[in-house]
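Results of the structural survey
The residues making up each chain are set out below.
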Amino acid sequence: MSTDKVRWTPGRLVSHVLLTAVTLLFLAPVVYAVATALKPPGETFADPTSLIGSHLRWRNFADVFDYLPFQRFILNGLLVAAIGTLVVLTASSLGAYAFARLRWRGRDGLFMVFLATLMVPQEVLVVPMFILMQEFGWVNSYQALIFPWAFTAFGTFLLRQFFRGIPYELQEAATLDGCSPLRTFLSVMLPIARPALGVLAVFTFIGYWNSFLWPLIVVNDVSALGTVPLGLELFFGQNGSQWHLVMAASVISLVPTLLLLIALQKHLVKGIAATGLAGR
């Protein structure tokens, strides 16, 4: 084990100070949300303003579930995000393998066309996508919340970059052992690609979990099919905004994504270092 001490050069010291300042800057809204979530109802906008209320009201977190069926929104969000993530991982990994490792006519040209779809914003697609959901009879259903955005080019591009870095000798060895392309994909490529799959899983889950525009358009019965962002919108009603409950619900909504980030932290770091996100 090395016993060398870290040398604190001026450049290293400045970089650490800057990183600490940026970290605190990003943590400030979270700290404010937690502090506001613990304030009594009448002290959210008290004058003079204070970060901490007169006492910590933990009851606010329970009131969230009494005010609205927020547990239903959480379950809906988890269901949509989990199934959506699974579909994205399956479709993106198969597409990335075909674009990265299989040789067929027009592969690179088709990939460029596929990649160009990333330049089309979601707001442009919601109207034709809604019409398509009407044709399928999927409006106000879980299918409409999951499938329309499960086949984007981002995941395919991310995994393609990772697959291209895997030595071809592994694929050739599997072929010599009698593996079909699908068997090679399942037995060789996917186990190696776990870090990249972890990165894509985190990004996809958070994207589904935080999605607001599309659920707002396609969901008619919010009480039955509403996700967490739609549930947060219900705290703003004709009788005013329940800001202490909004903040408490927002803090609760952070828990699933935080747990996912903690669980996949190792894969997240390795995956970013090994894919195109790291400038490879």
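As the structure is a computational prediction, the values presented were derived from the model and not from experiment.

Concerning the overall build of the protein chain
Of regular secondary structure, the protein chain possesses 15 helices and two strands. Each of the three principal axes of the protein chain carries a C-alpha extent, and together these read 75 × 65 × 30 Å. When the 280 residues of the protein chain are sorted by exposure, 38% land in the buried category. The long-range share in the protein chain, meaning contacts at least 24 apart out of those at least 6 apart in sequence, stands at 72%. With an accessible surface of roughly 16500 Å², the protein chain has 67% of that area assigned to carbon and sulfur atoms. Each charge sign in the protein chain was given a centre, from 18 positive and 13 negative side chains, and these centres are 14 Å apart.

Points about the side chain of Asn76
Note that Asn76 resides in helix H3 (residues 70-101). Polar side-chain contacts of Asn76 include one of 2.7 Å to the side chain of Tyr142. With sequence-adjacent residues up to four places away left out, Asn76 is seen in contact with Tyr142, Ala224, Leu225, Gly226 and Thr227.

Overview of a nonpolar patch on the surface
Together, Leu24, Leu27, Val31, Tyr32, Leu51, Ile52, Leu56 and Trp58 line one region of the surface with nonpolar side chains, adding up to about 810 Å² of accessible area. Relative to the helices and strands, Trp58 resides in the loop between helix H1 (10-37) and helix H2 (59-67).

Describing the packing of aromatic side chains
Tallied over the entire structure, the rule returns 16 aromatic pairs. Relative to Phe73, the ring of Phe70 has its centre 6.1 Å away and its plane inclined at 90 degrees; by these criteria the two rings are edge-to-face. A residue pair is termed a helical-turn pair when its members lie 3 or 4 positions apart in one helix, as Phe70 and Phe73 do in helix H3 at three residues. Residue class for Phe73 comes out buried when judged on its relative accessible area of 1%. The ring of Tyr168 has Arg101 sitting right over it, with the charged end atom 4.0 Å from the ring centre. When the ring centre of Phe111 is taken as reference, the NZ or CZ atom of Arg160 above it lies at 4.1 Å.

Quick word on the confidence of the model for the protein chain
Looking at the protein chain, the pLDDT average stands at 85 and 91% of residues meet or exceed 70. The model gives residues 276-280 a pLDDT under 50, and that stretch makes eleven contacts with residues more than four places away or in other chains.

Brief notes about helix H10 (residues 194-210)
Along its 17 residues, H10 runs 24 Å from first to last C-alpha, staying within 8% of the 24 Å computed at 1.5 Å per residue. Within H10, twelve of the 17 residues are buried, which leaves it mostly tucked inside the rest of the structure. Regarding H10, the residues found buried are Pro195, Ala196, Leu197, Gly198, Val199, Leu200, Ala201, Val202, Thr204, Phe205, Tyr208 and Trp209.

Examining the packing of H3 against helix H9 (residues 181-192)
Two quantities define a packed helix pair, namely the angle between the axes and the distance from one axis to the other. Two elements in contact, H3 and H9, have axes whose closest approach is 11 Å; the angle formed by their N-to-C orientations is 105 degrees. Comparing their axes, H9 and H3 come out roughly perpendicular. Only Pro181, Thr184, Phe185, Met189 and Leu190 of H9 make contact with H3, whose side of the interface consists of Ser93, Leu94, Tyr97 and Arg101. A class-by-class count of the residues in the contact of H3 with H9 yields six nonpolar, two polar and one charged.

Some words on the packing of H9 against H10
Here H9 crosses H10 at 65 degrees, and the two axes come no closer than 5 Å. For the element pair H9 / H10, the angle class is roughly perpendicular. Contacts between H9 and H10 involve Leu190, Pro191 and Ile192 from the former and Arg194, Pro195 and Leu197 from the latter. The class makeup of the residues in the contact of H9 with H10 is five nonpolar, no polar and one charged.

What counts, and at which threshold
Here the residue numbers are simple positions, counted from 1 along each chain's written sequence. Note on the predicted model: pLDDT of at least 70 is required for a residue's local features to be given, and 80 or more for side-chain atom pairs to be given and counted; whole-chain, interface and lining totals, by contrast, use all residues. To get the side-chain values, all heavy atoms of the structure are used, and hydrogens and water are removed first. Strands here are runs of E lasting at least two residues and helices are runs of H or I lasting at least four, both read from the DSSP assignment and numbered beginning at the N terminus. The buried label applies to any residue whose accessible area, calculated with a 1.4 Å probe on protein chains only, is under 20% of its type's maximum; exposed applies above 50%, and partly exposed to all values in between. Throughout, a contact is declared for two residues whenever any of their heavy atoms are within 4.5 Å. Surface accessibility follows the Shrake-Rupley procedure with a 1.4 Å probe radius. Residue values consider only the protein chains on display as shielding. Neither His nor the chain ends contribute to the count of charged residues, in which Lys and Arg are positive and Asp and Glu negative. Lys charges are placed at NZ, Arg charges at CZ, Asp charges at CG and Glu charges at CD. Under this definition, polar contacts are N or O atom pairs within 3.5 Å; protein pairs additionally need one hydrogen-donor-capable and one acceptor-capable atom, and for neighbouring residues in sequence, both atoms have to be side-chain atoms. Note on patches: the residues involved have over 30% relative accessible area and no salt bridge, like charges join within 9 Å, and the nonpolar side chains Val, Leu, Ile, Met, Phe, Trp and Tyr join within 5 Å. Salt bridge criterion: a side-chain nitrogen from Lys or Arg within 4 Å of a carboxyl oxygen from Asp or Glu. For Phe, Tyr and Trp, rings pair up if their centres lie within 6.5 Å, where Trp contributes its six-membered ring, and each pair is then called stacked (planes under 30 degrees apart), edge-to-face (over 60) or tilted (otherwise). For a lysine, the NZ atom is tested; for an arginine, the CZ atom; a charge sits over a ring if that atom is within 6 Å of the ring centre and within 35 degrees of the ring normal. Per-residue confidence from the predictor is reported as pLDDT, which spans 0 to 100. Each residue after the first adds 1.5 Å to the expected span of a helix. Note on geometry: axes are lines fitted to C-alpha atoms, helical ones only across the stretch in contact, with angles between N-to-C directions running from 0 to 180 degrees. Roughly parallel means an angle under 35 degrees; roughly antiparallel means over 145; roughly perpendicular covers 65 to 115; every other angle is labelled oblique. Three classes are used: nonpolar for Ala, Val, Leu, Ile, Met, Phe, Trp, Tyr, Cys and Pro, charged for Asp, Glu, Lys and Arg, and polar for all others, with Gly counted as polar.

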